[in-house]
Amino acid sequence: ELIFANNQEFLNSNFRYYLGGAYAVLVRPKEIKRFSALTGLEIHSEKLLPKLLSKPTNIFFAYHLNVAGYPKYTGTNQIQLGIKFGEWQTKGVAFYTSYSSGNNMMSEYYNERVNQFGIGFRVDFP
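Because the structure is a prediction, the values reported are computed rather than measured.

Chemist: Can you help me understand the environment of Glu87 in this one?
Modeler: Following the sequence through the fold, Glu87 ends up in the loop between strand S5 (73-85) and strand S6 (92-103). Between the C-alpha atoms of Glu87 and Lys30, which are 57 residues apart in sequence, the distance is 45 Å. Look past the residues within four positions of Glu87 in its chain and what remains in contact with it is Pro56 and Asn58.

Below you can see the structure in the form of structure tokens.
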């Protein structure tokens, strides 16, 4: 895998975009293509919401597109919108909603197209 990313500050928000590709040396079954590509962006800002317990509150949005050949090339879209309590690069708790449309996320059913909506949380440790 090779991924290029860039961080920018834009309209009181932090913006990161990336582009990359991967080449699989071994694939099974053989109908799966060896090359895949990905791109996406992430935006977060601690300036839109007030602090909570003297810690920043970040609102965030992320979009990810993966293009892979299963066996023909198709795209899988993933969108996430949420809020993180704590500094962006350090520990904190995030709550989010997500939507995925395309191939199964873990590729175990690579030829099945799915649409999934979810809610979740994560705990970030430094």
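Chemist: Please clarify how the pattern of salt bridges should be interpreted in this entry.
Modeler: Oppositely charged side chains are able to pair whenever their charged atoms sit close together. Under the defined criterion, the tally for this structure stands at three salt bridges. Asp124 is the partner of Lys84 in a salt bridge, and the nearest nitrogen-oxygen pair spans 3.0 Å. Within this pair, whereas Lys84 is found in strand S5, its partner Asp124 is found in strand S7 (residues 113-124), the two being separated by 40 residues in sequence. Both residues of the pair, Lys84 and Asp124, count as buried.

Chemist: Looking at this structure, how should I read the packing of aromatic side chains?
Modeler: Two aromatic rings, taken as a pair, are described by how far apart their centres are and by the angle between their planes. All chains considered together, the criterion is met by four aromatic pairs. Measuring from centroid to centroid gives 6.2 Å for Phe85 and Phe95, while their planes differ by 65°, and the two rings are edge-to-face. With Phe85 in strand S5 and Phe95 in strand S6, this pair connects stretches of sequence that are ten residues apart. Residue Phe85 is classed as partly exposed on the basis of its relative accessible area, which comes to 30%. An aromatic cluster of three or more residues is present, and its members are Phe85, Phe95 and Phe121.

The rules behind the values
Residues numbered from 1 in each chain as written. Predicted model: local features only at pLDDT ≥ 70, side-chain atom pairs only at ≥ 80, totals over all residues. Heavy atoms only, no water. Helix = DSSP H or I, 4+ residues; strand = E, 2+ residues; numbered from the N terminus. Contact = heavy atoms within 4.5 Å. Salt bridge = Lys/Arg side-chain N within 4 Å of Asp/Glu carboxyl O. Buried < 20%, exposed > 50% of the residue type's maximum accessible area, 1.4 Å probe, protein only. Phe/Tyr/Trp six-rings, centres within 6.5 Å; stacked < 30°, edge-to-face > 60°.

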